[in-house]
Amino acid sequence: YVAAASYRSVTNGGVVSWEAGTVVTSLDLADPTAPVVRGTLWYSGYGHVVAATDVFMFVVTQNRTNSWQSDVRMIDITAPDGAMTPYGKITTAGYVQDKFKLHYDGSVLTTISEDRRSTPTARVTTRLETFRLPDPRSMGPVGAVKLGALELGRGESLHATRFDGDRVYIVTFFQIDPLWVVSLADPARPALVGSVEVPGWSTYIEPLGDRLVTVGVESGRVAVSLFNVSDAARPTLASRVLLGETYSWTEANYDEKAFTVL
């Protein structure tokens, strides 16, 4: 399955214009020498975030009306022949930045977005939302039903997030970096369990059971941190290493494939 940026011509009142969008293509690679296109879908709006399970492919595009919101397109990919069936769409409270801010498990879809709306009274905030999304093989395309929501990090930008079991770890930043621990044990009532504040911010989180290894930034240098999360209510920073003398940079702050734990 491939999601690609594209354009198509649109005729309105005899006037031809170009519309930016995302085209999703299903390819059958049973014969690698002769790939077969099994279907295509078109969604208006640019999208660079995708995630998938064996049930759904999620394609995120920018909402055409409100640029600070995202549309999450849900595609049923359970057909053995590779055919795709549109399941529905949800519009999140804010902007979904990357694939680590989407999680589907046990028929529950969780989204984490940064609400960037600009009003005289609003401030940037992080919003977590949960939706019931039944398996289409048993329920059919009935759409998503919102279960619950949680707001945190008001006035702080959203950075690294990572799901691990019924927990999700969320990093926001203004002048310090709070690492938030949120419980999803009850999807209808996501609950903030604990937090720890450290300088700088994390861009990627690797869960290791009762510990987290993160890569991020502090004072212009790459920071690698080890957190102890054995007690979700009282997470602690166990250690941190800063790389470089006065300045350093790593692709791992933007691409998790440049980071690994052995």
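Being a predicted model, the structure only gives us computed values, none of them experimental. (Residues numbered from 1 in each chain as written. Predicted model: local features only at pLDDT ≥ 70, side-chain atom pairs only at ≥ 80, totals over all residues. Heavy atoms only, no water.)

Participant: Run through the sheet that holds strand β6 (residues 70-76), naming residues and quoting values.
Facilitator: A sheet is described by the order of its strands in space; here four strands give the open sequence β4-β5-β6-β7, paired in antiparallel fashion. The open sheet has two edge strands, β4 (49-52) and β7 (85-91), and neither has a second partner. Pairwise comparison of adjacent strand axes, ignoring direction, gives a mean angle of 20° for this sheet. In the sheet, strand β5 (residues 56-62) pairs with β6 via seven bridges, with the strands oriented antiparallel. Looking across to β6, one finds that valine 59 is bridged to arginine 73. (Pairing = 2+ DSSP bridges. Helix = DSSP H or I, 4+ residues; strand = E, 2+ residues; numbered from the N terminus. Axes fitted to C-alpha atoms, helices over the stretch in contact; angles between N-to-C directions.)

Participant: An account of the environment of valine 108 is needed here, citing residue identities and associated values.
Facilitator: As for its placement among the helices and strands, valine 108 is situated in strand β9 (residues 108-115). Owing to a relative accessible area of 8%, valine 108 belongs among the buried residues under this scheme. With residues near it in sequence (within four places) discarded, valine 108 still touches His103, Thr130, Phe131, Arg132, Leu147 and Pro187. (Buried < 20%, exposed > 50% of the residue type's maximum accessible area, 1.4 Å probe, protein only. Contact = heavy atoms within 4.5 Å.)

Participant: I'd like a description of the packing of aromatic side chains, backed by residues and values.
Facilitator: On inspection of all chains with the given rule, the structure shows eight aromatic pairs. Taken together, a centroid distance of 5.7 Å and an interplanar angle of 65° make the contact between phenylalanine 100 and tyrosine 204 edge-to-face. Taken together, the residues phenylalanine 100 in the loop between β7 and β8 (102-105) and tyrosine 204 in strand β16 (residues 201-208) connect sequence positions 104 residues apart. Residue phenylalanine 100 shares its accessibility class with tyrosine 204, and that shared class is buried. A connected cluster of aromatic rings, assembled from ring pairs, spans Phe56, Phe58, Tyr87 and Tyr104. (Phe/Tyr/Trp six-rings, centres within 6.5 Å; stacked < 30°, edge-to-face > 60°.)

Participant: A description of the side chain of serine 202 should follow, citing residues and the corresponding values.
Facilitator: As for its placement among the helices and strands, serine 202 is situated in strand β16. In terms of polar contacts, serine 202 uses its side chain to reach the side chain of threonine 214, at 3.1 Å. (Polar contact = N/O pair within 3.5 Å; in protein donor to acceptor, adjacent residues only side chain to side chain.)

Participant: Describe the pairing of strand β13 (residues 167-173), naming the residues involved and giving the relevant values.
Facilitator: Among the seven residues that make up β13, six are buried, leaving the element largely enclosed by the rest of the structure. Examined bridge by bridge, strand β12 (residues 157-164) and β13 share six bridges and lie antiparallel to one another. By the bridge assignment for β13, arginine 162 is matched with tyrosine 169. Taken together, the five bridges between β13 and strand β14 (residues 177-183) define a ladder with antiparallel strand orientation. Looking across to β14, one finds that tyrosine 169 is bridged to valine 181.

Participant: Residue-level account of unusual backbone geometry, with values.
Facilitator: The phi angle at serine 107 is positive, at roughly 70°, despite the residue not being glycine. Along the chain, serine 107 falls in the loop between β8 and β9. Positive phi outside glycine occurs at serine 219, with the angle close to 50°. Along the polypeptide, serine 219 turns up in the loop between β17 (211-218) and β18 (221-228). Exposure remark for serine 219: the relative accessible area of 66% places this residue in the exposed category.

On their own, these measurements won't tell you what the molecule is for.
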